[in-house]
Amino acid sequence: MAIKYELIKTCKQSGARLGRVHTPHGVIETPAFMPVGTQATVKTMSPEELKMMDAHIILSNTYHLFLRPGHELIRQAGGLHKFMNWDRPILTDSGGFQVFSLSEMRKITEEGVQFRSHLNGDKLFISPEVAMEIQNALGSDIMMAFDECPPHPAEYDYVKQSLERTTRWAERCLKAHSRPDDQALFAIVQGGMYEDLRRQSAMELTSMDFPGYAIGGLSVGEPKDIMYQVLDYTVPLLPAAKPRYLMGVGSPDALLEGSIRGIDMFDCVLPTRIARNGTTMTSQGRLVVRNAKYANDFGPLDPECSCYTCTNYSRAYIRHLIKADETFGIRLTTYHNLHFLLQLMRDVRRAIAEDRLLDFRDAFFTKYGLFDNEKGF
Ligand SMILES: [Zn+2]
């Protein structure tokens, strides 16, 4: 088995899990947030900077690397870790989500998905077998089974057919996976916002004994209370001895609520994407540093943050750089946002260890809502 999940303890106050995922490239302390490095780079950050902020794992996108530079080139380079000079764990997604959200003229059959590249219109095909071949070439520590992520909202009958196909595809992924000794394959539970379909998907996939399970098809435009309801009835269906990954979720409130519901791993482009237009996450809520009111503000982005950006640079300076389209401004906001979420997860892990995660959440939310006009994401 490529990975091992170690449950250290369960928070007596909240039920959240403190654990470790042991991988061939090191340990991931959980609950964990995974920065997203779509094109084999976390946009504007070097691997050294990611280590400075103590990211344990990053995520990279199969679809994007398949299109460019191609998985054969990355295989020649000795795998994705060597290619991008990152020696800690990597998780790769299956390509499914991007095939459905980015590509054009896609056609889904039982065999797989035919689509046109969003870069140059090339006709391409990804099946469960192709998704495994790509991820085996990339050499990620954790790979994802090829799934279909239906849009939200979607009709019951469509979601049911789609999750049943996702189950059959997961079975084909297991068979096609050629490196089970050093790469762990996670399955993705689908089923939309329908409780019985989530149950069906979870039961079918857990019967196949994957090393870990993800919950997909959330954070696709549904209200957050619906997402939390789906987690309330889906997480208990997953095996306690395996890691649980909630895909595409990265707002501070959802990281807290997800951890409380027993999720171990999260990823999202949110912190890096909003950083590039001058929006930051702080202990007092959302702060849009490009706003005029920060022009003469020589304080740090977040007075409670100890990151490289907040230790050395002011809101006024960062605002100036972003207004002047200087790359360094975006690097500073990106560094801070990623550090903020990694620090939040360190605080969450400590609160679980001390059985006080609900108290921590309430204190965090109270402070986080201080700037009424800017709070939330
Ligand atoms: Zn900071």
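Residues numbered from 1 in each chain as written. Predicted model: local features only at pLDDT ≥ 70, side-chain atom pairs only at ≥ 80, totals over all residues. Heavy atoms only, no water.

**Q** Any chance you could explain the coordination of the zinc ion here in plain terms?
**A** Octahedral metals with six donors have ideal donor angles of 90 or 180 degrees. Tetrahedral metals with four donors have an ideal donor angle of 109.5 degrees. The protein atoms donating to the zinc ion are Cys305 (SG), Cys307 (SG), Cys310 (SG) and His336 (ND1), with metal-donor distances spanning 2.1 to 2.3 Å. Here the zinc ion is ringed by four donor atoms whose angles at the metal span 98 to 119°, and the overall shape comes out tetrahedral. You can call histidine 336 buried: its relative accessible area is 0%. (Donors = N, O, S within 2.8 Å, 3.2 Å for Na, K, Ca; no water. Tetrahedral: all angles 85-135°; square planar, octahedral: opposite > 155°, others 65-115°. Buried < 20%, exposed > 50% of the residue type's maximum accessible area, 1.4 Å probe, protein only.)

**Q** Please explain the environment of histidine 71 as it appears in this structure.
**A** As for its placement among the helices and strands, histidine 71 is situated in helix α3 (residues 71-76). Histidine 71 sits 187 residues away from glycine 258 along the chain, and the two C-alpha atoms are 33 Å apart. If near-sequence neighbours (up to four positions away) are discounted, histidine 71 is found in contact with Leu65, Phe66, Glu133, Ile134, Ala137 and Leu138. (Helix = DSSP H or I, 4+ residues; strand = E, 2+ residues; numbered from the N terminus. Contact = heavy atoms within 4.5 Å.)

**Q** Explanation requested: the environment of phenylalanine 328 in the structure shown.
**A** Within the secondary structure layout, phenylalanine 328 lies in helix α14 (residues 327-353). We classify phenylalanine 328 as partly exposed; its relative accessible area is 24%. With near-sequence residues (within four places) excluded, phenylalanine 328 lies in contact with Tyr308, Tyr313, Tyr317 and Leu321.

**Q** For this particular structure, what's the right way to read the UniProt feature "binding site: Zn(2+)" (unreviewed entry) in the protein?
**A** Residues annotated in UniProt with the feature "binding site: Zn(2+)" (unreviewed entry) correspond here to Cys305, Cys307, Cys310 and His336. Despite a sequence span of 32 residues, these residues sit close together in the fold, their greatest C-alpha distance being 8.3 Å. For cysteine 307, the position within the fold is in the loop between β16 (285-288) and α12 (308-312). Each residue touching cysteine 307, except ones within four places of it in the same chain, is listed here: Tyr335, His336 and His339. Position of histidine 336 relative to the elements: it lies in helix α14. A polar atom in the side chain of histidine 336 sits 2.7 Å from the backbone oxygen of methionine 281. (UniProt positions renumbered as here; feature names shortened; annotations may be inferred. Polar contact = N/O pair within 3.5 Å; in protein donor to acceptor, adjacent residues only side chain to side chain.)

**Q** Looking at this structure, I do not really get unusual backbone geometry. What am I missing?
**A** Leaving glycine out, the prevailing phi sign among residues is negative, and the prevailing peptide bond configuration is trans. Here the amide bond leading from threonine 30 into proline 31 is cis, since omega sits at 5°, within 30 degrees of zero. As for its position among the elements, proline 31 is in the loop between β3 (26-30) and β4 (32-34). Across the junction of arginine 68 and proline 69, the peptide omega takes the value 10°, indicating a cis bond. Here proline 69 shows up in the loop between α2 (62-67) and α3. With a phi close to 60°, alanine 40 is a non-glycine residue in the positive phi region. Relative to the helices and strands, alanine 40 resides in the loop between β4 and α1 (47-52).

**Q** I would appreciate a short explanation of helix α10 (residues 252-260) in the present structure.
**A** Since the α-helix advances by 3.6 residues per turn, residues separated by three or four positions end up pointing in the same direction. Of all nine residues that make up α10, eight are buried, and the element is covered over most of its length. Turning to α10, its buried residues number three or more, namely Pro252, Ala254, Leu255, Leu256, Glu257, Gly258, Ser259 and Ile260. Following α10 by one or two positions, glycine 262 adopts a phi angle in the positive range, close to 95°.

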